[in-house]
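In case you want the letters, here they are:
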Number of protein chains: 2
Amino acid sequence: MNVGFIGLGIMGTPMANHLIDAGHTLFVYDVFKIPAEVTDKGATAVASSAEVAKNADIIILMVPDTPHVDEALFGKGGVAEGLTAGKIVVDMSSISPVETKKFAEKINALGCDYLDAPVSGGDVGAKAASLTIMVGGPDAAFEKVKPLFEKMGKNITLVGGNGDGQTTKVANQIIVALTIEAVSEALLFASKAGADPAKVRQALMGGFANSRILEVHGERIVTRNFGPGFRIELHQKDLNLALSSARALQIALPNTATAQELFNAVAARGGGKLDHSAMVQALELLANHDVA
Amino acid sequence: MNVGFIGLGIMGTPMANHLIDAGHTLFVYDVFKIPAEVTDKGATAVASSAEVAKNADIIILMVPDTPHVDEALFGKGGVAEGLTAGKIVVDMSSISPVETKKFAEKINALGCDYLDAPVSGGDVGAKAASLTIMVGGPDAAFEKVKPLFEKMGKNITLVGGNGDGQTTKVANQIIVALTIEAVSEALLFASKAGADPAKVRQALMGGFANSRILEVHGERIVTRNFGPGFRIELHQKDLNLALSSARALQIALPNTATAQELFNAVAARGGGKLDHSAMVQALELLANHDVA
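A short note on the overall build of chain A
Assigned secondary structure in chain A consists of 14 helices and 9 strands. Whereas a compact globule of 292 residues would reach a radius of gyration of roughly 19 Å, chain A reaches 21 Å, a difference of no more than 12%. In terms of principal-axis extent, the alpha carbons of chain A reach across some 65 × 40 × 40 Å. Among the 292 residues that make up chain A, the fraction classed as buried is 58%. The contacts of chain A with a sequence gap of at least 6 include a subset with a gap of at least 24, amounting to 65%. For chain A, the exposed area adds up to about 11,100 Å²; of that, 51% sits on carbon and sulfur atoms. Each charge class in chain A was averaged separately, 25 positive and 31 negative side chains, and the resulting centres sit 3 Å apart.

What follows is the structure, given as structure tokens:
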């Protein structure tokens with residue numbers, strides 16, 4: 001199958017490589033540069049997103065944020081200029097669910113299907129082809145693209161219509177951030193109360209307080225292992241998406257807002273590239289601190 | 001063994017019954033009344049906590065809150081008046097870890113050991129003898145009391161010295177409340193963004209957002225099943241303990257504070273006896289609400 005791939009960064013490059021390895025013909029574009037490892041494998045580098053769309057039946061995007069998707073789809077030389085009816089646009093970036101619905105409508109108006117299919121699992125998951133993929137869009141389009149998803153990920157769910165994939169990703173990032181915050185408050189409390197946080201964590205893992213985050217990030221907090229992992233600066237982007245979408249949807253997310261402020265505080269002190277479990281450091285700064 | 005039991009409420013009654021069933025001789029006291037089911041089984045009702053302490057080698061307390069433990073131990077006719085050296089006081093109530101350390105010192109000064117051994121699992125766990133028991137205190141005393149704990153619970157951990165059991169319980173209640181809050185923000189977001197929260201929850205259970213709370217309380221939120229379970233008014237008490245202890249320890253717990261406010265909001269509207277997963281209703285009140 002002729003597949004287009006737009007955005008060959010730290011995520012897109014290994015994802016595109018898996019598709020080439022599976023025997024697909026790839027047409028690729030990036031606003032910066034195309035890594036040699038992709039063209040060496042046989043992908044064809046073209047001059048614009050429009051050229052990708054002309055050559056491919058399924059066009060995948062993997063770019064940083066909402067404005068980049070907007071530009072790649074509808075900017076000058078964008079995907080929309082190269083589309084003909086019957087093609088499928090698949091946005092695997094993590095962007096606004098609210099804007100995603102508008103993008104899907106505009107692509108549908110050109111006679112094409114749209115899938116929003118953000119992932120979790122990071123560059124490790126991208127390399128291992130073990131990404132979790134959360135999809136929104138029409139069932140028939142999902143079934144057509146599924147064989148490609150299966151080359152890039154493992155836990156692949158069609159959640160609902162357009163936007164629902166991005167909504168699920170935002171919900172995921174809210175829960176992950178707030179559970180890290182919960183474990184941080186609890187282990188800081190335990191530590192300041194004089195208990196051994198490692199033993200407290202162990203005792204808590206037997207009951208209702210248990211979570212993947214207590215297991216993985218709880219251990220990072222106890223052992224002070226804050227090398228990434230998933231960087232705070234990326235989680236800041238995701239919570240910004242949650243908070244701006246919440247405003248558009250007219251809902252209040254008080255603990256997401258606080259978690260973002262705690263990330264901001266760690267980033268302000270140079271910690272933006274630390275693992276997101278380093279959020280605990282912002283709470284530590286607030287504890288027992290001498291105020292002049 | 002002669003065992004004392006002070007506090008025969010909804011938790012203490014089934015716990016005491018398990019000890020009687022295991023063949024122990026029980027001396028019991030409650031400031032209100034002793035349930036007939038306990039004396040019918042052969043427990044001896046006595047006139048005060050001091051009388052319990054005189055008759056028993058191990059004295060267990062299961063009362064509502066810090067002031068009740070203080071009164072039962074050190075008030076007029078309290079345990080301290082009846083103790084002789086070598087006995088063990090076991091507080092299974094959920095109370096302040098900071099005050100617990102002071103109580104333990106005062107009991108130690110009388111030549112007796114002290115264990116703080118709060119539980120989780122609620123009245124269902126008490127009846128089923130499946131409570132999680134988090135213990136602080138000396139190893140030797142723990143080993144002596146362990147056979148009694150094993151008649152009342154299943155997941156029994158000696159976390160550290162006196163206070164560490166209560167600290168672990170507080171840490172547990174912080175994580176449980178904040179994870180409920182996290183799942184509430186995420187599922188409300190999903191719902192207001194137009195996705196099916198049941199499908200979003202299902203998709204999230206495959207990744208880092210998964211937790212016992214997403215499984216159990218997430219399902220309650222999706223199916224609107226808010227009958228208790230663990231009542232909001234009890235979790236309010238526990239978070240009050242967390243917040244007052246945090247103040248004493250000079251640490252800030254911003255999301256615990258917000259979670260408590262959300263519980264307060266649900267309770268203010270008559271929801272104090274609902275399951276704690278009904279916290280989501282406070283966020284729902286804040287969403288899309290017409291303000292005059």
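Quick word on the interface of chain A and chain B
Between chain A and chain B, the contact holds 59 residues from the first and 59 residues from the second. Buried area between chain A and chain B, both sides added, is near 5,000 Å², and the carbon and sulfur share of it is 68%. Its largest share of buried area at the contact with chain B, chain A owes to Ile-175, Phe-189 and Phe-208 of chain A, together 15% of the area lost on that side. Across the chain A-chain B interface, the total number found is 0 salt bridges. Remark: the boundary between chain A and chain B carries 10 residue pairs in polar contact (both at pLDDT 80 or more). A per-element tally of the side of chain A that touches chain B places helix α9 (residues 164-192) of chain A first, with 20 residues. Of the residues assigned to the side of chain A that touches chain B, the class counts are 34 nonpolar, 18 polar and 7 charged.

Remarks on the packing of aromatic side chains
In total, this model carries 4 aromatic pairs over all chains according to the counting rule given. For the pair Phe-142 of chain A and Phe-149 of chain A, a centre-to-centre distance of 6.2 Å together with 40 degrees between the ring planes defines the contact as tilted. Look at Phe-142 of chain A and you get buried, because its relative accessible area is 5%. Taking relative accessible area as the criterion, Phe-149 of chain A reaches 0% and is therefore assigned buried. When the ring centre of Phe-74 of chain B is taken as origin, the NZ or CZ atom of Lys-106 of chain B, which lies over that ring, is 4.1 Å away. Cation over ring: Arg-212 of chain B sits above Phe-208 of chain A, and NZ or CZ is 4.7 Å from the ring centre.

So, the environment of Leu-214 of chain B
Mapped onto the elements, Leu-214 of chain B comes out in helix α11 (residues 212-223). Taking relative accessible area as the criterion, Leu-214 of chain B reaches 0% and is therefore assigned buried. Separated by 145 residues in sequence, Leu-214 of chain B and Val-69 of chain B place their C-alpha atoms 34 Å apart. Apart from residues lying up to four places away in sequence, Leu-214 of chain B is in contact with Ile-175 of chain A together with Val-183, Arg-201, Leu-204, Met-205, Ala-209 and Glu-219 of chain B.

So, the pairing of strand β4 (residues 58-61) of chain B
The side chains of a regular strand alternate, residue by residue, between the two faces of the sheet. All names here are of chain B. Burial along β4 is two-sided: the face carrying Ile-58 and Ile-60 and the face carrying Ile-59 and Leu-61 are both buried. Relative to β4, strand β1 (residues 2-6) is paired through 4 bridges, and the arrangement is parallel. Its bridge partner being in β4, Gly-4 is matched across the sheet by Ile-59. Pairing geometry for β4 and strand β5 (residues 88-91), over 4 bridges, is parallel. Bridging across to β5, Ile-59 finds its partner in Val-89.

Quick word on unusual backbone geometry
Looking along the chain, the bond that leaves Pro-228 of chain A and enters Gly-229 of chain A is cis, with omega of -5 degrees. Looking at the secondary structure, you find Gly-229 of chain A in the loop between α11 (212-223) and α12 (232-249). Phi at Ala-129 of chain A takes a positive value of approximately 55 degrees, unusual for a residue other than glycine. Of note, Ala-129 of chain A is situated in the loop between α7 (122-128) and β8 (131-136). With a phi angle near 55 degrees, Arg-224 of chain B is a residue other than glycine that sits in the positive phi range. Inspection of the secondary structure assignment puts Arg-224 of chain B in the loop between α11 and α12 (232-249).

Remarks on the relation of the copies chain A and chain B
The transformation that overlays chain A on chain B combines an axial shift of 0.0 Å with a rotation of 180 degrees, and the residual RMSD is 0.0 Å. Here the copies are linked by what is in effect a two-fold axis. Residue Ser-211 of chain A of chain A places its C-alpha closer to the rotation axis than any other residue of that unit, at 2.0 Å. By residue overlap, the copies meet face to face through one surface: 100% of the interface positions of chain A are interface positions in chain B.

So, helix α13 (residues 254-271) of chain B
Taken together, the buried positions of α13 of chain B are Asn-255, Thr-256, Thr-258, Ala-259, Gln-260, Leu-262, Phe-263, Val-266 and Gly-271 of chain B. Taken together, the buried residues of α13 of chain B touch α9 and α13 (254-271) of chain A together with α9 (164-192), α12 and α14 (280-286) of chain B.

Calculation rules
Residues numbered from 1 in each chain as written. Chains lettered and ligands numbered in written order. Predicted model: local features only at pLDDT ≥ 70, side-chain atom pairs only at ≥ 80, totals over all residues. Heavy atoms only, no water. Helix = DSSP H or I, 4+ residues; strand = E, 2+ residues; numbered from the N terminus. Rg over C-alpha atoms; globule rule 2.2 N^0.38 Å. Buried < 20%, exposed > 50% of the residue type's maximum accessible area, 1.4 Å probe, protein only. Contact = heavy atoms within 4.5 Å. Areas by Shrake-Rupley, 256 points an atom, 1.4 Å probe, with all protein chains shown as cover. Lys, Arg positive; Asp, Glu negative; His and termini not counted. Charge placed at Lys NZ, Arg CZ, Asp CG, Glu CD. Buried area = accessible area lost by both parts, 1.4 Å probe. Salt bridge = Lys/Arg side-chain N within 4 Å of Asp/Glu carboxyl O. Polar contact = N/O pair within 3.5 Å; in protein donor to acceptor, adjacent residues only side chain to side chain. Nonpolar A, V, L, I, M, F, W, Y, C, P; charged D, E, K, R; others polar. Phe/Tyr/Trp six-rings, centres within 6.5 Å; stacked < 30°, edge-to-face > 60°. Lys NZ or Arg CZ within 6 Å of the ring centre and 35° of its normal. Pairing = 2+ DSSP bridges. Least-squares fit on C-alpha atoms with pLDDT ≥ 70 in both.

Geometric descriptors of this kind do not, in isolation, establish any biological role.
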